[in-house]
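# Structural overview for review
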Amino acid sequence: MQRGDEFSIMLGANELMNSRLSGSEEALATMTVERLRASSSPHLLIGGLGMGFTLRAALAVLGPDSRITVAELIPEVVDWARGPMADIFKGSLDDPRVQ
């Protein structure tokens, strides 16, 4: 769903994610990367693209030799990321560290 520049991913009447709320997804990335600090070239797996908050946060703290694999089962989520929600994703799917 979209209202202005706010997006919501719904499952029936249940809201799964909202573009205004991203703290837990960002914390998941930063806390995980902190545990990987000893690795010079970590490879991170993100299960589910969602609204890209975890991906963007991981990219912000990982170095150039890192890799991130995003596993997304629903092709429409990727289409949304490249289409109407592109401003939220800020090009993160085009980062060369992302597969």
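The shown structure was predicted, so the numbers you read here are calculated from the model rather than taken from an experiment.

For the rest of this paragraph, the subject is unusual backbone geometry. One non-glycine residue, K90, lies in the positive phi region at around 50 degrees. Take K90: it is sitting in the segment after α4 (86-89). Note on K90: relative accessible area 62%, which makes it exposed.

On to the environment of G50, then. One can find G50 in the loop between β4 (43-47) and α2 (53-61). For the pair formed by G50 and E72, sequence separation is 22 residues and the distance between their alpha carbons is 8.3 Å.

Moving on, we come to the pairing of strand β5 (residues 67-71). A regular strand places its side chains on the two faces of the sheet in alternate fashion. Only one face of β5 is covered, namely the one carrying I68 and V70; the face carrying R67, T69 and A71 has none of its residues buried. Relative to β5, β4 runs parallel, the two sharing five bridges. Its bridge partner being in β5, G47 is matched across the sheet by A71. In this fold, β4 hands off to α2, which returns the chain to β5; that crossover is right-handed.

What counts, and at which threshold
Residues numbered from 1 in each chain as written. Predicted model: local features only at pLDDT ≥ 70, side-chain atom pairs only at ≥ 80, totals over all residues. Heavy atoms only, no water. Helix = DSSP H or I, 4+ residues; strand = E, 2+ residues; numbered from the N terminus. Buried < 20%, exposed > 50% of the residue type's maximum accessible area, 1.4 Å probe, protein only. Pairing = 2+ DSSP bridges. Right-handed = clockwise from strand over helix to strand, strands pointing away.

Geometry only, nothing functional implied.
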